[in-house]
Amino acid sequence: MEMDSYESDQVYENVDIKQPPSRRAGKQHGESAAPVDSSDRQAAYCGWDVWLLIALSCLLLAGSVALGVLFYNLQTKNLKLQSQYSELERNYTDISVTVSDFQTKNLELQSQYSELERNYTDISATVSDFQTKNLELQSRYSELERNYTDISARVCEACPQNWELFNGKCHYFSTDRMNWHSSRDNCTSLGGHLVIIESEAEQRFLSEKVWNITHEAKISNEEEQSHWIGLTDSVTEGTWLWVDGTPLNEKAKFWATRTHDKGKEPDDYNGEDPAGEDCAQLQPKRNSKETWFDSSCKKQYKRICETKAVIA
Ligand SMILES: [Ca+2]
Ligand SMILES: [Ca+2]
């Protein structure tokens, strides 16, 4: 410690600038230097302390400034981070809402998908049923078709060529014309007889056929398309018998009403033939239940022959 103090004294003694101006002046004027006392040394120490203090203050100030700048920068960054955090928080909230929406929609879609799946299963079952029924129907249809083909083949053989089958009987609609008696004989020669009408269904079949023949040929004169049937009252006037001797069934007679005077047939009109009208013919009329007329047996008309069908 003493050595440090001595060295310090030597250092301070060699530095004139640190001495008070009066002493520097004395030296310069050759005055003998007075010994340095303790008060001078204290003053020198105080000067260094001030400078040191100033330096430290400067350092402190610089540090404070640096710390201030650093604090400012940190505060700015903090604000930025807070702002970014808030934005992130908002984004997170938005994303959370979006995710929630997606979850809700996903649940709805799952529900809809389940319903669709159920519907699809139901429809598949229905389609399967239909397919099964369709196969059954196809099978039955094929069987019916085979049966129909068999029956058709047998029916085709049941009637002679140009004869039409109806209700187990074959019917021939002639294209030529004869009087009633010749027509009757012609049908017999063909293996049948003039048609005997036994039911309303048969009457409808014959009337519709005659109506179609007339309109397909575009013939306007209905009497020209008259067809003899096997009914006559030539034996006893007013007593109508079929060619097989059967009396006319009151429930199956289809006499016409005349167009010009609204009179009802049969009228046994004798204006053209003094013998009157003793033979029945069928004319094309729209009302199939009123197509019979009594006419002179000498008239030349077409005819309808009938014979039993041969069904094996
Ligand atoms: Ca008559
Ligand atoms: Ca008549």
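That block above? That's the structure.
Residues numbered from 1 in each chain as written. Chains lettered and ligands numbered in written order. Predicted model: local features only at pLDDT ≥ 70, side-chain atom pairs only at ≥ 80, totals over all residues. Heavy atoms only, no water.

1. Quick notes on the packing of aromatic side chains
Our working rule: Between the rings of Phe, Tyr and Trp (Trp by its six-membered ring), a pair exists once the centres lie within 6.5 Å; its type follows the angle of the planes, with under 30 degrees stacked, over 60 edge-to-face, and the other angles tilted. Burial classes follow relative accessibility: with a 1.4 Å probe on protein chains only, a residue under 20% of its type's maximum area counts as buried, one over 50% as exposed, and anything between as partly exposed. Runs of H or I in DSSP of at least four residues are treated as helices and runs of E of at least two as strands, each being numbered from the N terminus. By definition, being over a ring means that NZ of Lys or CZ of Arg is both within 6 Å of the ring centre and within 35 degrees of the ring normal.
For the coordinates displayed, the defined rule picks out 8 aromatic pairs. When the centroid spacing of 5.4 Å and the interplanar angle of 25° are considered together, the rings of Trp163 and Tyr172 count as stacked. Tyr172 sits in the buried class, given a relative accessible area of 19%. Between Phe166 and Phe205, the aromatic rings sit 4.5 Å apart at their centres with planes inclined by 5°, giving stacked as the arrangement. Placement of Phe166 in strand β1 (residues 164-166) and of Phe205 in helix α5 (residues 200-216) is noted, with a sequence separation of 39 residues between them. With a relative accessible area of 21%, Phe166 lands in the partly exposed category. Put simply, the rings of Trp240, Trp242, Phe254, Trp255 and Trp292 touch in pairs and so form one group of aromatic residues. Above the face of the Phe173 ring, Lys209 is positioned so that its terminal group lies 5.7 Å from the ring centre.

2. Digging into helix α4 (residues 180-189)
Keep this limit in mind: The directions from the helix axis to the C-beta atoms form the arc being described. By definition, residues are in contact when any of their heavy atoms lie within 4.5 Å. Pairing of N or O atoms within 3.5 Å defines a polar contact, subject to two protein rules: one partner must be a possible hydrogen donor and the other a possible acceptor, and residues neighboring in sequence count only if both atoms are side-chain atoms.
Of all the residues in α4, the buried ones are Trp180, Ser183, Asn186 and Cys187. The buried residues of α4 occupy one face: seen down the axis, they fall within an arc of 120°. As for α4, its buried residues are in contact with β3 (193-194), β4 (227-232), β6 (279-282) and β8 (302-308). The N-capping residue of α4, defined by a side-chain oxygen 3.2 Å from the backbone nitrogen of His181, is Asn179.

3. Details of the pairing of strand β2 (residues 169-173)
Threshold: One requirement defines pairing of two strands: DSSP has to find at least two bridges between them.
With 5 of its 5 residues buried, β2 lies for the most part within the structure. Side chains Lys169, His171 and Phe173 project from β2 onto one buried face, and the interleaved Cys170 and Tyr172 project onto a second face that is buried too. In sequence, β1 turns back onto β2 through a hairpin of 2 residues, with Asn167 there showing a positive phi of about 55°.

4. Focus on the coordination of the calcium ion (ligand 2)
Using the following cut-off: Excluding water, the donors of a metal are its N, O and S neighbours within 2.8 Å, or within 3.2 Å for Na, K and Ca, and that exclusion means sites may look incomplete.
In the first shell of the calcium ion (ligand 2), the protein supplies Glu265 (OE), Asp267 (OD), Glu277 (OE), Asp294 (O) and Asp294 (OD), at 1.9 to 2.4 Å from the metal. Summarised as a motif, the one-chain spacing of the donors to the calcium ion (ligand 2) is E-x1-D-x9-E-x16-D. Within this pair, whereas Glu277 is found in the loop between β5 (241-242) and β6, its partner Asp294 is found in strand β7 (residues 292-295), the two being separated by 17 residues in sequence.

5. Observations concerning the coordination of the calcium ion (ligand 1)
Within the first shell, the calcium ion (ligand 1) binds the protein through Asp233 (OD), Asp233 (OD), Glu237 (OE), Glu237 (OE), Asp268 (OD), Glu277 (O) and Asp278 (OD), at distances of 2.2 to 2.9 Å. Mapped onto the sequence, the residues coordinating the calcium ion (ligand 1) show the spacing D-x3-E-x30-D-x8-E-D. Taken together, the positions of Asp268 in the loop between β5 and β6 and Asp278 in the loop between β5 and β6 put the pair 10 residues apart, joining distant regions of the chain. Of the residues examined, Asp268 reaches a relative accessible area of 24% and is grouped as partly exposed. Overall, Asp278 belongs to the buried group, its relative accessible area being 14%.

6. Thoughts on the pattern of salt bridges
Opposite charge on two side chains permits them to pair, given that their charged atoms come into close proximity. So the rule is basically this: Put simply, a salt bridge is a Lys or Arg side-chain nitrogen that is within 4 Å of an Asp or Glu carboxyl oxygen.
Per the counting criterion, the structure on display carries 17 salt bridges. Here Lys209 makes a salt bridge to Glu164, at a shortest N to O gap of 2.4 Å. With a gap of 45 residues between them, Lys209 in helix α5 and Glu164 in strand β1 connect regions that are remote in the sequence. You can call Lys209 partly exposed: its relative accessible area is 23%. We classify Glu164 as partly exposed; its relative accessible area is 28%. Members of the salt-bridge network, linked through shared partners, are Lys169, Glu198, Glu202 and Glu306.

7. A few points about a nonpolar patch on the surface
Condition: The patch calculation keeps residues exceeding 30% relative accessible area without a salt bridge and links them within 9 Å when they carry like charges or within 5 Å when they are nonpolar (Val, Leu, Ile, Met, Phe, Trp, Tyr). Here the accessible surface of atoms and residues is derived via Shrake-Rupley with a 1.4 Å probe, and residues count as covered only by protein chains that are part of the display.
A cluster of nonpolar side chains, contributed by Trp48, Val50, Trp51 and Ile54, occupies part of the molecular surface with about 440 Å² of accessible area. Mapped onto the fold, Val50 is located in helix α3 (residues 38-158). The exposure class of Val50 is partly exposed, given its relative accessible area of 44%.

8. Some thoughts on unusual backbone geometry
Residue Pro266 is reached from Glu265 by a cis peptide bond, and omega for that bond is -5°. By the element assignment, Pro266 lies in the loop between β5 and β6. Unlike most non-glycine residues, Asn162 shows phi in positive territory, near 75°. Counting through the fold element by element, Asn162 comes out in the loop between α3 and β1. We note that Asn167 has phi near 55°; this positive angle belongs to a residue other than glycine. Relative to the helices and strands, Asn167 is located in the loop between β1 and β2. We classify Asn167 as exposed; its relative accessible area is 62%.

9. So, α5
The condition that has to hold: Expected helix span is given by 1.5 Å per residue-to-residue step, counting one fewer step than there are residues.
The terminal C-alpha atoms of α5 lie 24 Å apart, and with 17 residues this matches the ideal 24 Å at 1.5 Å per residue to within 8%. Among the residues trailing α5, Lys218 stands out with phi positive, at a value near 55°.

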